[in-house]
Every structure is written in C-alpha cells, then in structure tokens.
Amino acid sequence: MSTEPDSAAPRGPQEFEKRLPQGEAPAQFVPEATSGLKRVQHLLHAHPTAIPGIVLLVSLVFFSFVVGERFLHPFNFSLIVQQVMIIGIVGVAQTLVILTAGIDLSVGAIMVLSSMVMGRLAVEAGLPAPLAIGVGIGVGALCGGLNGLLVTRFRLPPFIVTLGTWNIFFALNLWYSASETIRAQDIETNAPLLLFFGQAVEVAGARLTYGSVFMLGLVALFWFVLNHTAWGRHVHAVGDDTDSARLAGINTDRILITVYIVAGIICALAAWALIGRIGSASPQAGQTANLDAITAVVIGGTSLFGGRGSIVGTLLGALIVGVFRNGLALSGVNVLWQEFAVGVLIIVAVAIDQWLRRTAR
Amino acid sequence: MSGDNTVLSARALVKRYGRVTALDHADFDLYPGEILAVIGDNGAGKSSLIKALTGAITPDSGTITLDGAPVAFRSPIEAREAGIETVYQNLALSPALSIVDNMFLGRELRQEGALGRVFRKLDHSRMQQEARTALSRLGLMTIQNINQPVETLSGGQRQGVAIARAAAFGRHVVIMDEPTAALGVKESRRVLDLILEVRQSGLPVVLISHNMPHVFEVADRIHIHRLGRRHAVVKPSDVSMADAVAIMTGAMAPPAQAA
C-alpha cells in the first residue's frame, strides 16, 4: 500500500528517538543530588511533625531559662496540659475536617450545645447521667451529620455551611438552656458522672486530670485510625484530590459525611470534658475553643488545603500555644503579648506549609 | 468478524445527548494479548465509546460482553471490579500519598487476625511487598523509597505508577487514555515500553491516542472511529500513517477488507 518507513518497520523506536540514551529502564527512579536546604525541605516534607516538635522543644528550653524553677515544676506542666485539654480534643475533630480540605467553624457551638443537653437532662430532667451523656453525644453526631449532609448533598462550601450552623447551634444552645448556667453544686449532687474528666491523680507532684489522659488517648486513637486504617487513608486522599479519589473507587461523599459525624461526636466528648474542667455547664463556655482549635491544627502543620497533616501535630500545636501562654504569663508579660505571639506562630506555620508544598517539583 | 474469542466487545452501542448522537451503533472488539489503538477525530465519539466500555456512561442501547458474558456497568467502579482497569488522563493519583498508598487506594489490604478484623488495621508490609513486585514486573523497580509521596515523582514516573497499578489489578483489560499526551519525548519512549511490557504480561491493552507515531509503533490493530461508529479496523503494517489519518477524517474510503 505504501512504502513509508513507519509502515515497513512498525516496531521499535522512532527515528528521532534513537538518539535517546539506550539501555535505561523505563521511568527510572534515580535519587537526585540535592543541596543542603533542599535536603532539609525534603526531610521536613517527609516528616511534617518535626517542625512543631522542634518549636515545642525550643520554646520549652527558652521558657525554662527565662522563667526557671516555677516553669519546670511538674505541676506547671500538668497545668499546661489541663489548659490545652479542650483545645486538644476539639483539635482532633478539626484536624479530621481540615484533612478533607474543609473547615468546621461550628465545633465550639456543637460542644457547648452538647454540654447544655447533658447538663439539663441529667440535672433538671433527672435522667440517669449515662443516658444524658449518651443523648448529648447523639446531639453532637446529629449536628455533625447536618454539616456533612449540607457539604455533600447540596455541594455547599464547608466554610459557609459551618459558619451558618455555628450560629444555628449556638442559638439553639441559648434557647435550650434559657441562657442559664447549671451550677456546680447541682451537678455534684445530681450527676457527679458529668464531672468525671475533672478528677485527677497525683503523679510526682503533677496533677493529671482524667480529661488530660482522655485527650492523649484520643490523639493516639486517631493517629492509629488515620495511618493504619483504610478510612484514614481515604480521608487523606479525599482532601488531597477529590476527583482522583473518586476515580480510584473511593465513595468520597461517604467519607466526608462520616468525617463530619465523627467530628460532631468528638465535640460532644469535649463537652463532657468541658463540664469536668469548669465544674459547671454554661451556655457561654468554650467561646474561644473554635479559633483556638484551628490555631492548634495550623501550628501543628496540617495544611488548610487538605490531604496533609497529622493528629500528633495538632497535639504539639495545642501544647505550643499552651506553653507560650503559660510561659509568658509566668514571665509577667502583659496578656496582650500572648495573643501577639500566637498570631506570629500562625503566620510562620502557614508560611512553612506553603514552602513545603512547593517542594521537589 | 464476530466477537467469538474477544476479551471485550460491543455491538451496536447507541448514546444520544438530546439531538446529538455520540454513539451511532458503534461496534468494538478487543482480542486476547493485543494492543488495540483507538483513534478518531475530535467529536468522533471515541471518548463516549471508552466511557461506555468503562461504565462512566450507560449506553441507550447495544450490548457489551466481557469474556463472552454480557455486562452492564453502572459506574466505573463496577467496571473496575469486573477486571477492566483504566489509566485516566489525569492518572487519578493522590499527590500527597505515597506510591504504596496510591497503588492500593480504594482496595487496601487488611491485616489478618483480630488486628485486621476488629481494629481494621492495614497490612502495610504486605502492600509494600506487592507494590514492589508489581513495579518490578514492569521494570520500574529502581525506586529506592516506595513510601515517597507521588508528588515528588516526575510525570513519566507518575504515569509508571498509574500503569503499574492498572496492570497489577486488571484481570481482563487495561484501558489507557492518552498516556503520552503530557510527556516529553524521553518519557514518552519509556511509557511506550511500559505499554509493551503490559501486553507481554498477557493483558490486552486499549490505547486511546492522538499521537500517530506512538499508535503505529505499539498497536497490533487500529480501531478508527468516525461519526459515532467504528469506521474501519486496520493493521499498522497494512496502511501508512497518512492513510490512517485520511480514513479517520473521511478523505479516504476504508480498505474493503477490515483487519
């Protein structure tokens, strides 16, 4: 039919390709020679929790020199852990959502609504405490489910959805509680179980509350879930590239909905811990938990663009904020400089994240 | 030419979008162990054909058979479960996840015993081992770190991972959509070698490509799609590239005897 060379020899490299180096394996994976800074960038990229780990260590050393004895006392350390306990728990929920490239602005509102449900049912309605706590956790799950439904079924941006539900849940909280605090002694006499997480054991001068232990356990649990279960890997994949995850056979909507429900349940557990921490149930409690949790997640190295980050990072992020606040307070520095320091930390953390995302292109 | 011993075949597929007929009684046949290229001008309905075969769209009428048995996929996941693997043009890889994670994305292996059943713990070491085997089968195993994120790989390496994933899990067919479109000359060359490797391993390959030199280099047969149907099937040894393009665009009548 034709005497063109390509039809005479349809196999083997094209003429122009013969000049390519021969004998190499296809798509070889060869380590590249890298400069010092590039190597640091790669190392940090491979171990994202290294940065908050180093920052925490440096700040610990710094404040032990500046403040001295009082800072280094075990009791002070246990105090820091107590102070970051709520933020740490809510931070776990927030990390899950942010890993899917979403954000949950309603975590604080879910927590306070759940705490009022637990408190009122146990103290005023006279329900057995375990049942009241169960209903409170159910309310948290429902709130999270509503967020998840709006994000997946109605394709609304998570920021807008949770900005809306934040207000809705908080209004429901004020309505349900009639803006009244449930007093500590009422809880003590009617439902001491609600104060469980406020109890503590003394270890070497440190006062370790059950709430602190619970937070550490929750972090360990979700470290396992995120790294060692298929669901955890899928949470990362959905946040990294939703379309690719869907083509790879992942039911992305199911992952998103379960993430928001689990986040709601964790917030309800934080509500229980909150009652133990402050001793009462107040509709105005935990107002700062929302932004503080996001701060912990971001300082912990989890990317707001989704797909990369870690639960351990969030714990470290929460501890960094706690150490800065505690250390600066003990140094007698004006409270406003605590806020200043946290602000600087956030911006530095996100700048590092951006730098790492540009790695190895 | 009936679909006697075909791996994947289609008869009289029709798909209409309003007044546009994307597939007009299109036929398709893929035989064991071959590389079948699908070419066609833009708008010829070639991607509709592939989407119908991989479950991304459901044809209005017509039949599809896989290994002689009729199938009707409602989603790409169903096609995948039936053993038809697709390497999408965007590769469907998750950049922040590792090579191993990506290879097993959506079909992770769980650990045996209570750890796997109760705690749903994944078997990382078995997945690493199998990923390594899959990559080395295609001559891709010079990777020093199989746990490195996919985003640290070059375009050709990513294509390699996506093809290795498809070849490892594809039980019947591997379909590749423009695998060399985004690559440079050197990397294209290597990916073409990979495609030949996949055929070598016994899996038939459907190659959708606009690149005539690439098609003529690796394909055993060429399915020319035109105006929503199979216009001709030719062998690269029988026609020239210029003729193939002429047939594809309607400038030349297809050869009387289809290959």
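What counts, and where the lines are drawn
- Residues numbered from 1 in each chain as written.
- Chains lettered and ligands numbered in written order.
- Predicted model: local features only at pLDDT ≥ 70, side-chain atom pairs only at ≥ 80, totals over all residues.
- Pairing = 2+ DSSP bridges.
- Helix = DSSP H or I, 4+ residues; strand = E, 2+ residues; numbered from the N terminus.
- Axes fitted to C-alpha atoms, helices over the stretch in contact; angles between N-to-C directions.
- Contact = placed C-beta atoms within 7 Å.
- pLDDT = per-residue confidence, 0-100.
- Expected span 1.5 Å × (residues − 1).
- Buried ≥ 20, exposed ≤ 12 C-beta atoms within 10 Å, placed from the backbone.
- Core = buried A, V, L, I, M, F, W, Y, C linked by C-beta atoms within 7 Å.

A. Main features of the sheet that holds strand E7 (residues 173–177) of chain B. Residues and elements named next belong to chain B. Strand order in the open sheet formed by six strands is E6-E7-E8-E3-E9-E10, with mixed pairing between adjacent strands. In this open sheet, the two strands that pair with only one neighbour each are strand E6 (84–87) and strand E10 (229–234). In this sheet, adjacent strand axes meet at a mean angle of 20° when their direction is disregarded. Bridge count between strand E9 (residues 221–226) and E10: five bridges; the pairing is antiparallel. Its bridge partner lying in E10, His225 is registered against Arg230. Strand contacts of helix H7 (residues 185–200): strand E3 (35–40), E7 and strand E8 (205–208), with the helix running at about 155° to E8, the strand carrying the most contacts. On top of the sheet, helix H9 (residues 241–249) reaches E3, E9 and E10; it is set at about 30° to E9, its chief contact.

B. Looking closely at unusual backbone geometry. Within the chain, Ser179 of chain A stands out as a residue other than glycine whose phi angle is a positive 55°. Inspection of the secondary structure puts Ser179 of chain A in the loop between helix H8 (158–177) and helix H9 (184–190). Even without glycine at this site, Ala92 of chain B takes up a positive phi of about 55°. Tracing the sequence through the fold places Ala92 of chain B in the loop between E6 and helix H3 (99–103).

C. Here's a closer look at the confidence of the model for chain B. Within chain B, residue pLDDT values average 88, and 95% of them lie at 70 or more. Across the interface, the model reports ipTM at 0.82; the global pTM reads 0.86.

D. Expanded view of helix H13 (residues 252–278) of chain A. End to end, H13 of chain A covers 39 Å across 27 residues, agreeing with the expected 39 Å (1.5 Å per residue, within 8%). Of all the 27 residues making up H13 of chain A, 21 are buried; the element is thus mostly covered by neighbouring parts of the structure.

E. A look at the nonpolar core. The biggest cluster of nonpolar side chains holds 179 residues, and the ones touching the most others in it are Ile89, Val90, Cys267 and Ala270 of chain A together with Leu207 of chain B. The element best represented in this core is H13 of chain A, accounting for 18 residues. Leave out the neighbours within four places in its chain, and Ala270 of chain A touches Ile86, Ile89, Val90 and Met111 of chain A.

F. Here's a closer look at the sheet that holds strand E2 (residues 20–30) of chain B. Residue and element names in this part refer to chain B. Pairing is antiparallel across the open sheet formed by four strands, whose spatial order is E2-E1-E4-E5. Of all strands in the sheet, those with a lone pairing partner are E2 and strand E5 (69–71), marking the two edges. Averaged over all pairs of adjacent strands, the angle between strand axes in this sheet comes to 30°, irrespective of strand direction. Of the pairings in the sheet, the one linking strand E4 (residues 61–66) to E5 comprises three bridges and is antiparallel in character. Bridge assignment links Thr65 to a residue of E5, and that residue is Pro70. Those strands touched by helix H1 (residues 46–53) are strand E1 (8–17), E2 and E4, and its axis lies near 60° from that of E2.

G. Main features of the confidence of the model for chain A. All names here are of chain A. Predicted confidence across chain A gives a mean pLDDT of 87, with 89% of residues reaching 70 or more. Per-residue pLDDT, averaged within each element of chain A, yields its smallest value for helix H1 (residues 5–8) (40) and its largest for helix H7 (residues 129–152) (97). Ignoring residues within four places in sequence, the model shows residues 1–10, a span with pLDDT below 50, making 21 contacts including any to other chains. Here residues 23–31 is a poorly scored stretch, pLDDT under 50, and it has 23 contacts once near neighbours within four places are set aside; other chains count.

H. Inspection of H1 of chain B at higher detail. Residue and element names in this part refer to chain B. Here H1 lies mainly inside the structure; eight of its eight residues are buried. Among the residues making up H1, those that are buried are Lys46, Ser47, Ser48, Leu49, Ile50, Lys51, Ala52 and Leu53. Immediately beyond the C-terminal end of H1, within one or two residues, lies Gly55, with a positive phi of roughly 85°.

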